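# Close look at the chain arrangement
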Amino acid sequence: MKSQDIRKAYLQFFESKNHLIVPSAPIVLKDDPTLMFNNSGMAQFKEYFLGNGTPKSSRIADTQKCLRVSGKHNDLEDVGFDTYHHTMFEMLGNWSFGDYFKKEALAWAWEFLTEVLKLDKDRLYVSVFEGNPSENVPFDQEAFDIWKQYVPEDRIILGNKKDNFWEMGDQGPCGPCSEIHIDLRTDAERAAVSGRSLVNADHPQVVEIWNNVFMEFNRKADGSLEKLPAQHVDTGMGFERLCMAMQNVTSNYDTDVFTPLIAKIEQITRLKYTSNEVKNISEEQNKINIAIRVIVDHVRAVAFAIADGQLPSNTGAGYVIRRILRRAIRYGFTFLDTKEPFIYKLVEVLAHQMGEFFPEIKSQQNLVTNVIREEEASFLRTLEQGLQLLDKVVAETSGKEVSGAKVFELYDTFGFPKDLTALILKEKGYSYNEEDFEAELQKQKARSRAASEVSTEDWSVLIPGNVESFVGYDQTENEVKITRIRKVDSKKDGVLYQIVLDATPFYPEGGGQVGDKGMLVSANETIEIIDTKKENNLILHFAKQLPENVEASFVAKVNTNLRTSTSKNHSATHLMHLALRTILGTHVEQKGSLVNPNYLRFDFSHFSKVTDEELKQVENFVNQRISEQVQLHEYRNLPIQEALAKGAIALFGEKYGDSVRMIEFGESKELCGGIHVKNTADIWHFKIISEGAVAAGIRRIEAITGDAVKDFYTNQENTLAELKETLKNPQDVLKAVNSLQDDNAKLKKQVEQLIKDKAKGLKGELASQIQEVNGVKFLATQVDLDANGAKDLAYDLGANETNLFIVFATVTEDKPMLTCYISKELVSDKGLNAGQVVRELGKYIQGGGGGQPFFATAGGKNAAGIPEALEKAVDFVN
C-alpha cells in the first residue's frame, strides 16, 4: 500500500466516524511563545484543551507536519543513525473535545489497524498506565478492560509514568495514555524472543506506531494535578512508521516516503544506498547509509519550514533550520564527497511526491530551491574557511593533541562540526581533548538555559469561563474587568505580570505588527501596560506590577500615538505589497514583515536586486494611493472562500480559520488581523530608506511614513546646510563636491607616485643591508612606506635576488603592519611559509594575519612591538 493511499485511508476512516478533516497547520508556529515549531499533532489545538476556545467540531482528524529538534522533544542527534527517528514527520491524529473517550478511541484504533489496514493482530502489543499512587492517579483499569476485548492479556503491558503518562510540558493538560506497538521482526526472531520484552526498549523493529492520550488532568505550577472540566482524546500515529509496517520493510527509509529522495541522491553522487534488509555491510557503506538518511530526512524538515515562511538565519527558529541544513551539508561533504551544492536538487522530488496533500511545497518550490542552494554554497565556503583555520590551530599546537577549547571555538564561531574536525585531525596524526570540548559546550548550554529560563505561575482566575473578547478595531479605550492574572519570572525580563481583560482594546502582537502599549486606570491607581501578546487564544497584557485591587473596574487606554504611527506603517505595507506585485510581477509574495511605530520592514520573494528606478516607482505608486485618499473597506467574519474569490491575498505559513478579516484599500486586498488607518491620506507620505538581500530569492525593504518622513527630510535639510557651510557656501553645492573629488583624485595619484619614487630610492639602500644567514639572504627592517609600498618594494627586491627572506614593518596612522616575502625556492626547498611567519610575529604587535606561503601580511594594534618582532624574524632562518 503506497504512502499516499495509507494517508487517505486514515482520513477517510475517521471521516466515516463523523470527524471533521482539517488541513495541517504550518510547521512553524508564530502565535505560541512557548514553542518554535509544531512538535506534535495537538499543538494547534492547545487552546481547546485549555478551555480558551471552541473548536469547529467536537471531533477532528488530520495529518500534521511536526518538527522535533529542540527542547524536550529533541531527536536531531538520533536521526540517520537509526531507522525510525526523524526531524520532520507526519502525525496522523484524531481528536475528541469533550465528546467520545476511551471506549471509542481504542475500538476505532484497533478497527483501523486490523480491519482497514489488515495488520497482523499477533504482531501488535498495547500498553496502559500502571498508575502513580504518589500523584493519586490510579491504574487505568478502564483502558485495560477495553483492550481485553481485543488482545490477549499477555500482550497488554503496564507502563510507567515515563512511557504511559503524556504531558504537554511542565504545566498544562495531561493524562494517561495507551500505546500500540508493532513487532516487525522475522517469525524466527519472534519465536526466539518475545516481542513483549522489547516494547519501549528502543528496538528498531519493535516500535510504537500509535498513542492514544486521555486528557483528564491539568498539571499546575507546583506539580500537582487537578481534574479538567471535560475529558478529551488526543491521538497520534507516526505516519512514517505506519508506512514501514504496511510496506513490509524494517526501516522507515525503505518506504516510499523516502526511497524517491534516496534514488535522487544515488543518481547525483553515484553512490549506492543499501536497504535495512542487507546485513553485514562494511563500515564505509554504513557511513554512506547514515549520511544519505540524514540528508533525505533533513531536506524535508528544511524545505517545509521555508515553504511555511521560516528562512534560515542566526537566531531563533531560523537558526534551528540553518543548523539542520548544515548538518545535512556536512554529512554530504564528509561521507559522500559532495563539494558542490546538491541538496537543493531534492526539492523537485519532494514537491512531486508530497505536493498533492501539502500544496505549499509545490507553490513555493522555486523559493525553497533557491534558498537551500544559497545556504549550501555559503556553508561550503565556511567549511573551506574552517579547514584553513584548522591548519592554523594544528600549526600552533605543540604535541599531538589539539585543545578542546580551540575545537569548540571552531564549532561555535564558524559552525565547524567536531566530528569533521576529529576526522581531519586523525588524517594528520592528531587528536583533540574531548573532555575540554564537552566542558566548553556545557558552559555554553548553561549560559543559554540561564538566559531563556522562565518560571510561570498558575493562572489565578477571577472571572471563570470564556468571557474574553477583543474590541480594539473599534475602540482604543474601554471599561474592563480583569478575568485572570499570573506571575512570570525570567532572566531576560525579570518579574512581570500577565493580565487578561474581559473586553480589551489592546492589539496583541501578531501578523508582523507589534503589540499595543498603554495603561489600566482605576479610581485609585494607574498600571502601565508595556506589551501585549497572544497565547493559546488569550490576549496577555504585560505589566511590571499588579493593581492593588485586581477586582476593581478599570479603563483600558491604548497609547494612541504609538498605535496611530503603527497603523500608518501597516497600511503602507499593504500598499507597498501591491506596488511590488504591480511593478516587479505577481511572483512577489510576502515572506515576513515587522510593523512598529518607527518604521516598517517587508521581506518578499524576488530574484534580483530592486533597481533604484524600480524603488522610485514603488514609492510613487504608494504615494499616489495616499494622495487619492482611498477609503478603508474592512470585512469582518468573511467566509475564507468568499474572501479569496474577491481577490484577497493569503500568506503562506499563516493559519486561517473558516472566517477571516479582509482589509481593502482599492485594489489592495489582503487577509489581515492588524490595525489600519481609515483613509490612505492619514499615512501622509511614504519613503523607502533601504533595500537589500535577506536570503537567496528574498529581498527586504525598510520604509517610513508620517512624522518619521518629516524627521527624515528635516535631517536631510540640516545635513545639506552643514555641508554648504563646510564648503564655504558655494552657489552650486554639487559642482563644489565634484571639484573636491577631482582634486582629491589628482592628489592621490601624486602621493602614489611619490611613494613609488621613495621605494625605488630605498631599494638600493636596502639591497646593501641584506645579510646571509644559513645560506638565506635575510632582511628584517622598518620602512617609512604604506602597506602597498612595502609590498611593491619586497617584490622589486625579490625580482633581482634568489633565496630571499624579507620582513618589513610599516606604521600607518599608528596601526603597525608586518609584510613577509619569501623566495619560492625557499618555500619549496626549506618549507618556509610566509603565512606562518606573520602569524607568529604578529603576536608581538598584538595582531595576526595570513596569506600565501611566499607572501603574507599581519596587522596589529601595538606599534611598540615592532623592534622585537623584527629581532625574532631571524629565528625562522637560523
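Everything in this summary refers to the structure shown in the same document. As the structure is a computational prediction, the values presented were derived from the model and not from experiment. (Residues numbered from 1 in each chain as written. Predicted model: local features only at pLDDT ≥ 70, side-chain atom pairs only at ≥ 80, totals over all residues. Heavy atoms only, no water.)

## Describing the pattern of salt bridges
- By the definition in use, this model includes 46 salt bridges.
- Here the salt bridges do not stand alone but share partners, grouping K102, D140, E142, E216 and K227 into one network. (Salt bridge = Lys/Arg side-chain N within 4 Å of Asp/Glu carboxyl O.)

## A short note on the packing of helix α9 (residues 283-307) against helix α10 (residues 316-335)
- The N-to-C vectors of α9 and α10 enclose an angle of 150°; their axes lie 9 Å apart at closest approach. Of the possible angle classes, the one that applies to α9 and α10 is roughly antiparallel. The handedness of the crossing between α9 and α10 comes out as left-handed. Of the residues in α10, those in contact with K287, I288, I290, A291, V294, I295, H298, A301, V302 and A305 of α9 are I321, I324, L325, R327, A328, Y331, G332 and F335.
- Taken together, the residues of the contact of α9 with α10 sort by class into 14 nonpolar, two polar and two charged. (Axes fitted to C-alpha atoms, helices over the stretch in contact; angles between N-to-C directions. Helix = DSSP H or I, 4+ residues; strand = E, 2+ residues; numbered from the N terminus. Parallel < 35°, antiparallel > 145°, perpendicular 65-115°, else oblique. Left-handed = near helix turned anticlockwise from the far one by under 90°. Contact = heavy atoms within 4.5 Å. Nonpolar A, V, L, I, M, F, W, Y, C, P; charged D, E, K, R; others polar.)

## Considerations on the side chain of N212
- For N212, the location among the structural elements is in strand β10 (residues 206-219).
- Residue N212 is classed as buried on the basis of its relative accessible area, which comes to 0%.
- Apart from the residues within four sequence positions on either side, N212 is in contact with A105, L106, A109, P176, C177, S178, I180, D234 and T235. (Buried < 20%, exposed > 50% of the residue type's maximum accessible area, 1.4 Å probe, protein only.)

## Remarks on unusual backbone geometry
- The backbone of D337 shows a phi angle near 60°, a positive value even though the residue is not glycine.
- Of note, D337 is situated in the loop between α10 and α11 (346-354).
- Classification of D337 by relative accessible area gives exposed; the value is 56%.
- Even without being a glycine, D814 presents a positive backbone phi close to 65°.
- Mapping D814 onto the fold places it in the loop between β34 (804-812) and β35 (815-822).
- Using a relative accessible area of 65% as the deciding quantity, one classes D814 as exposed.

## Examining the sheet that holds strand β28 (residues 659-665)
- Overall, antiparallel pairing links the three strands, which are arranged β27-β28-β29 in an open sheet. This sheet does not close on itself; its edge strands, each paired only once, are β27 (633-639) and β29 (668-671). Adjacent strand axes in the sheet meet at a mean angle of 20° when their direction is disregarded.
- Of the pairings in the sheet, the one linking β27 to β28 comprises five bridges and is antiparallel in character. Looking at the pairing, E634 lines up with I663 of β28.
- The strands that helix α17 (residues 560-583) touches are β28 and β29; relative to β29, the one it contacts most, it runs at about 115°. (Pairing = 2+ DSSP bridges.)

## Points about the packing of helix α21 (residues 733-767) against helix α22 (residues 787-800)
- Across the interface, α21 lies against α22 with an axial gap of 10 Å and an inter-helix angle of 45°. Taken together, α21 and α22 sit at an angle that is classed as oblique. Here α21 runs over α22; the crossing is right-handed. Here I755, A759, L762, K763, L766 and A767 of α21 lie close against α22, whose contacting residues are G789, L793, D796, L797 and N800.
- For the contact of α21 with α22, the residue count by class is seven nonpolar, two polar and two charged.

## Quick notes on the side chain of T63
- Checked against the element boundaries, T63 lands in strand β2 (residues 59-67).
- Residue classification places T63 among the buried positions, given a relative accessible area of 1%.
- A polar contact of 2.7 Å, which involves the side chain of T63, links it to the side chain of E90.
- In this view, T63 contacts R7, L11, S24, E90, M91, L92, F357 and F358; residues no more than four positions away in its chain are not counted. (Polar contact = N/O pair within 3.5 Å; in protein donor to acceptor, adjacent residues only side chain to side chain.)

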